Each structure stands twice: as structure tokens, then as C-alpha cells.
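Chain by chain, the residues run as shown.
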Amino acid sequence: GSGATGDDSGATGDGSGATGDGSGTAGDGSGATGDDSGATGDGSGATGDGSGIAGDGSGTAGDGSCTTGDGSCAAGDGSGATGDGSGATGGGSGTAGDDSGAAGDGSGATGEGNSEDCGQTVEVRGGQAQEESTCEGASAVEPSLRPLLEARDLLEELAHEEQKKAANRSTKTHVYRGPLLARLELLKQFEKHKLHQEVELASPVSLLLDYFHLFRTKSCCFEDLRPYLNFFPEPEISQFLSYIEAEVEGVMVDFDCEDNLVKENVGYLRQRISVLQLQRFCGRHKELTPEEKLSLITHCKHYYRQGLKLGRELPTTVNQHSDFYIILAVHLKIELYQESGEWFHLWDALFMLEYSKRSNPQ
């Protein structure tokens, strides 16, 4: 009779197990709801797992009551069955927690999507979801810098337009120097007022090269760049000079060219003159030895005489294309006199000036 009671208790235990399965079903529903809040879902998942453990413990208690005797052993089995049912219930809650956890993963996926756009992160602190923004652009630009940024962007756009015009040789459109010089002036002002660390700008070398590549054949090249050569750091100016020296190394001037090629070769000549002017202004000639200066003087005298061929058609009131070469040679001769004290360097300088005067009264 006691055994029969045990069996009934066992049946009761099975019913409790059925109840546990139902609780599992409830967990599935909780999972569906959890799709909206990932951080909360993770916390609910942890609670569900804990409830599952509690159910297993109740099952263990049922097995232990089986040691009291045969009749009560049946009851113990029933209690054990009940314990198992309670365990099933705990498992059901655990299932609910898992589903809620799955919902949390979905919310996490949403968070990662935001992360691609703005770098937002979601953290759980004290059971509550908190959102933090890690956007690089989250910090607002200081109002005082906005006009400078707008000026930078506008000048970049205008400079690119001039570079496109220069690259399109099929059209004879005029290329303006203003936008490229304005970029250099803006960079100079940023350096002067210590704003270059707050606003991203192009390097001085790149801006100087951009201008040089477009206007190196113009007589205005050196005069336009001179205001910026002493302002920017010396290592960057040295890098700029190294670039342009390498570029003109292979430039050859055909002094005996046909009339239709004179303009092109005058451009080549001016390009070499621009480099010499920039070198001298930046102090490169002071580093030369006396022998190197004499070699440069010979080079200048040769290019001056040959350059006169390109200016045969020029009126006497206009400077010759190669006048700079003789002027540079005279300056080098004066430097040699100052270094050595030998007077014949000054006589040579006077002879060169007299020769250039006869060739070009202007």
C-alpha cells in the first residue's frame, strides 16, 4: 500500500516534470521578447542558468530520502521523481535564460552595426544597459577653427582645378597662381599661430612642389616662393631642393633650336635658373668649395652666352633670358675675392659685367 503511494508520488513527479517543460516553453517566449534588448538578455540568461542549478539540487534531495526503508523507499523514488521534475523546471528556466541570452546576441549584433558608423559600444553595469560613443568626430570642432577649415577646403578645391587645367594640354586655358600661393600662405599662418597641430594640412614640401611643377618655367617662380623659404623648417626646405635638383638634372636646353621651339627652350632655361635662384637663396652656394664655385662660374658663363641665341629677336629695352647667369657669376666672383683677398676675382667680375652690357644695354 505504501508502495502504491510511492507510485502515485512518482506520477506526481512526472507531472512536475511536465510543468518544467512548460516553463521551458515560457523561456522560448522570453527569447522572442529578448530580441530588443541585448544587454538585458545577457543578464536574464545568467539568472536562468542559476535556476537550473537549483532544480538539480532538489532532485538530489529526493534520492537521499530513499534510504529509510522499502515502503518509504518508494516514496523516496517519488520524491526523487519530484526532484527531477523540479530539475526540469529549473532547466526550463534555464532554457528561458538561454533564449533571452540569444535575444541579447541579437541586440549585440545591432550594437555592432552601429559601431561601423559611429563606434558605439553597449556595456552592462549594474544590470542596466549603458551606451557610450567612441566616434572620432563626436567632439565638435571649435567655432574659431571652422572658418580656417572652410578656407582650407576651398583652396584645396581651387588648387586642384588649376592642376587639372595644367594637365589638360589640349586646351589653352590660363593657369592661375593664386590658389596655390594662397595654400602656402594659409599654411604659413597656421605655423605662425601654432594651429597646424589642431588642423590637418598638407606638408610644406608637397605644397612647394605643387607650385614649382606648374610654374617652374616662369620668371616669377623664385619671387613667389621666396617668402616661404625662410619660414618653413630647414629639413623640409632641404628635401624640397633635393627634389627639384634631381628633376632639372636631365633638362637639356637646345640653344640652336628652330624659331618655333624657342619658347619651349626658354622655358627649360628658366627652369634651371629657378633652381639656381632657390639654391642660392637657401644658402647652398655658401657650402661650395672655391673649386666648386669656379666650376659653377664657368657653367654660368657658358649658359649666358648660349642663352643670348634664344633672345636674338628681343628688343634692346628688354632683359635677355639668360641675364641671371652672368649676375650669379659676378656674385660668386665677389665671394671668392672676399674669401681669398685676390684682386683678380674682382677684375673678372668687372669684365663679365662689361661684356653683358655690350650684349644687352638694358
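Structure's up top.
Once a new chain begins, its residue numbering starts again from 1 and follows that chain's sequence as written. Since the coordinates come from a predicted model, pLDDT governs what is reported: local features require at least 70, and pairs of side-chain atoms require 80 or more to be given and counted, while whole-chain, interface and lining totals use all residues. Here the side-chain values reflect all heavy atoms present in the structure, with hydrogen atoms and water set aside.

Q: Please explain the overall build of the protein chain as it appears in this structure.
A: A count of helices and strands for the protein chain gives 12 helices and two strands. Classification of residues uses two cut-offs on accessible area relative to the type maximum, computed with a 1.4 Å probe and protein chains only: under 20% is buried, over 50% is exposed, and between them is partly exposed. In the protein chain, which comprises 362 residues, the proportion classed as buried is 36%. What makes two residues a contact is simply this: any of their non-hydrogen atoms within 4.5 Å. Across the protein chain, contacts joining residues at least 24 apart in sequence account for 69% of those joining residues at least 6 apart. Each accessible area is a Shrake-Rupley estimate made with a 1.4 Å probe; only the visible protein chains count as cover when residues are assessed. Entry remark: accessible area of the protein chain is about 20,700 Å², with carbon and sulfur atoms responsible for 52%. For the purposes of this entry, the term helix denotes a DSSP run of H or I that reaches at least four residues, the term strand denotes a run of E that reaches at least two, and both are numbered from the N terminus.

Q: Looking at this structure, I do not really get the nonpolar core. What am I missing?
A: Soluble, globular proteins show a tendency: their nonpolar side chains are buried together. The definition of a nonpolar core used throughout is a set of buried Ala, Val, Leu, Ile, Met, Phe, Trp, Tyr and Cys residues joined through side-chain atoms within 4.5 Å. Ranked by internal contacts, the top residues of the largest apolar core, which has 28 residues, are Leu-184, Tyr-211, Leu-225, Phe-240, Ile-244 and Leu-278. Contributing elements (two or more residues each) for this core: helix H5 (178-192), helix H6 (204-215), helix H7 (221-229), helix H8 (234-248) and helix H9 (262-281). Ranked by the residues each element gives to this core, the list is headed by H6, at seven residues. Excluding anything up to four places from it in sequence, Ile-244 contacts Leu-209, Phe-212, Val-275 and Leu-278. Core analysis: the second largest hydrophobic core is formed by 25 residues, Val-253, Val-262, Ala-329 and Ala-349 among them.

Q: Got a minute to help me understand a negative patch on the surface in this structure?
A: The patch calculation keeps residues exceeding 30% relative accessible area without a salt bridge and links them within 9 Å when they carry like charges or within 5 Å when they are nonpolar (Val, Leu, Ile, Met, Phe, Trp, Tyr). We define a salt bridge as a contact between a side-chain nitrogen of Lys or Arg and a carboxyl oxygen of Asp or Glu at a distance within 4 Å. Asp and Glu count as negative and Lys and Arg as positive, but His and the ends of the chain are not part of the count. The atom standing in for a charge is NZ when the residue is Lys, CZ when it is Arg, CG when it is Asp and CD when it is Glu. On the surface, Asp-254, Glu-258, Asp-259 and Glu-313 cluster together into a negatively charged patch. With respect to the secondary-structure elements, Asp-254 resides in the loop between H8 and H9. Judged by relative accessible area, which is 38%, Asp-254 ranks as partly exposed.

Q: How should the pattern of salt bridges be read in this particular structure?
A: Any two side chains of opposite charge can pair, given that their charged atoms come close. The full count for this structure, using the stated rule, is 14 salt bridges. For Arg-280, the salt bridge goes to Glu-335, with nearest N and O atoms at 2.4 Å. On the criterion of sequence distance, the pair formed by Arg-280 in helix H9 and Glu-335 in helix H11 (residues 323-340) is long-range, its members being 55 residues apart. With a relative accessible area of 23%, Arg-280 lands in the partly exposed category. In this structure, the salt-bridge partner of Asp-348 is Lys-333, at a minimum N-O distance of 2.9 Å. A residue pair is termed long-range when its members are at least 10 positions apart, and Asp-348 in helix H12 (residues 344-359) and Lys-333 in helix H11 qualify at 15 residues. Judged by relative accessible area, which is 7%, Lys-333 ranks as buried. Overlapping salt bridges bring together Arg-280, Lys-293, Glu-335 and Glu-339 as one network.

Q: I would appreciate a short explanation of a nonpolar patch on the surface in the present structure.
A: Taken together, the side chains of Trp-343, Trp-347, Leu-350, Phe-351 and Leu-353 present a nonpolar region at the surface, about 620 Å² in accessible area. For Trp-347, the position within the fold is in helix H12. Looking at Trp-347, the relative accessible area reads 52%, which means it is exposed.

Q: Looking at this structure, I do not really get helix H10 (residues 290-307). What am I missing?
A: Helical geometry: 3.6 residues make up each α-helical turn, so side chains three or four residues apart lie on a common side. By definition here, a helix of n residues has an expected span of 1.5 Å times n minus one. Taking 1.5 Å per residue as the helical rise, H10 with its 18 residues ought to reach 26 Å, and the 25 Å between its terminal C-alpha atoms agrees with that figure. All of the buried residues in H10 are Lys-293, Leu-296, Ile-297, Cys-300, Tyr-303, Tyr-304, Gln-306 and Gly-307.

Q: I keep staring at empty space enclosed by the protein and nothing clicks. Help me out?
A: Using a grid of 1 Å spacing that covers the protein atoms alone, one calls a set of points a cavity when a 1.4 Å probe fits there but cannot get out, and a pocket when the set is open and has protein on both sides within 12 Å along at least five of seven lines; lining residues are those with an atom within 4 Å of a point. Grid points are joined across faces, edges and corners, and a volume is the space filled by probe spheres set on the points. Tallying each qualifying case throughout the model produces one cavity of 30 Å³ or more. If you add up the space inside the largest cavity, you get close to 60 Å³. In this structure, the largest cavity is lined by Arg-152, Leu-155, Glu-156, Arg-183, Leu-186, Leu-187, Leu-201, Ala-202 and Leu-207. For the lining of the largest cavity, the elements supplying multiple residues, two or more each, are helix H4 (146-167) and H5. Of the residues contributing to the lining of the largest cavity, the split by class is six nonpolar, no polar and three charged. Side-chain classes are defined by residue name, with Ala, Val, Leu, Ile, Met, Phe, Trp, Tyr, Cys and Pro counting as nonpolar, Asp, Glu, Lys and Arg as charged, and the others, Gly among them, as polar.

Q: Looking at this structure, how should I read the side chain of Glu-162?
A: Relative to the assigned elements, Glu-162 resides in helix H4. The buried category is assigned to Glu-162, whose relative accessible area is 7%. Aside from chain neighbours lying at most four places away, what touches Glu-162 is His-174, Val-175, Tyr-176, Pro-179 and Leu-180.

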